[in-house]
Amino acid sequence: MTHDDIARLFTRSDGSYLFARWGRPIAPIVFGVEDATLEVVKGALEAVVTLAGHQMAETDPELGSNLMFFFFRDWDELLEVPDLDRLVPDLAPLVARLKGAGANQYRMFRFDKDGAIRASFVFLRMDEALSNMPAETLALSQVVQIMLLWSDTAFQSLSPLAIAPDTDRVILRPEIAGLIAAGYAPVMPAMSQDPSHALRLFARLQTGARPE
């Protein structure tokens, strides 16, 4: 992975560079799935959090749960979730926009005063495409996409996942795994809008540095 490849992953469609990682332990909750799928989602989250050298928690002192996964069949179901409109501003217009676009997933973030990720909401409309995806693949894909604030165009042409050699097991691409680990190194900032930040990530990948 070159410096330019890394920069593209955090350069938004308007040309601005923006990197952010979680600034607090992640306290997840999952709605709309059976226990077996719940365990798959939490297992994927634990694996990626461990890779990053970050932490998980039972609860967030401010929000209770700061990472919420919603699985559902129709976008209108979100309008019936009690108090969700208090957590997600302009929920009704958002639902209308996502319905109109035929979207099957949406992720949104909240940030703290320093720009680090404070909370995230993941909405998954289980259409035919997502329903046919193995639970492990879907869970890992979604977890990867909330561990860092990637560009809105990241992964449009290349998945962050791969099939492990000689197996059918889905894994993180090694370069993406390394990038997550590099981004969570304590010496790296929790948020950056400086494109030179990509050079620092590239340097850590070259040396194989891991979170201290």
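The following paragraphs examine the structure supplied in this document. (Residues numbered from 1 in each chain as written. Predicted model: local features only at pLDDT ≥ 70, side-chain atom pairs only at ≥ 80, totals over all residues. Heavy atoms only, no water.)

**Description of unusual backbone geometry**
Okay, so step 1: If you check the backbone angles, Asp-83 has positive phi at about 65 degrees while not being a glycine.
Okay, so step 2: Following the sequence through the fold, Asp-83 ends up in the loop between strand S3 (67-72) and helix H3 (84-87).
Okay, so step 3: The exposure class assigned to Asp-83 is partly exposed, which follows from its relative accessible area of 47%.
Okay, so step 4: Even without glycine at this site, Asp-90 takes up a positive phi of about 55 degrees.
Okay, so step 5: In this structure, Asp-90 sits in the loop between H3 and helix H4 (91-101).
Okay, so step 6: On the accessibility criterion, Asp-90 (60% relative accessible area) is exposed. (Helix = DSSP H or I, 4+ residues; strand = E, 2+ residues; numbered from the N terminus. Buried < 20%, exposed > 50% of the residue type's maximum accessible area, 1.4 Å probe, protein only.)

**Description of the nonpolar core**
Okay, so step 1: Phe-10, Met-147, Trp-150, Leu-172 and Ile-180 are the most contacted members of the largest nonpolar core, which has 51 residues in total.
Okay, so step 2: Broken down by secondary-structure element, the contributors of at least two residues to this core are helix H1 (3-9), strand S1 (19-20), helix H2 (35-52), S3, strand S5 (117-125), helix H6 (135-147), helix H7 (174-183) and helix H8 (197-207).
Okay, so step 3: In terms of residue count, the dominant contributor to this core is H2 (eight residues).
Okay, so step 4: Apart from residues lying up to four places away in sequence, Trp-150 is in contact with Leu-9, Phe-10, Arg-12, Val-144, Gln-145, Phe-155, Ile-176, Leu-179 and Ile-180.
Okay, so step 5: By size, the runner-up hydrophobic cluster in this structure holds 15 residues, among which are Phe-72, Leu-91, Leu-98 and Ala-103. (Core = buried A, V, L, I, M, F, W, Y, C linked by side-chain atoms within 4.5 Å. Contact = heavy atoms within 4.5 Å.)

Don't take any of this as a statement about function, it's just geometry.
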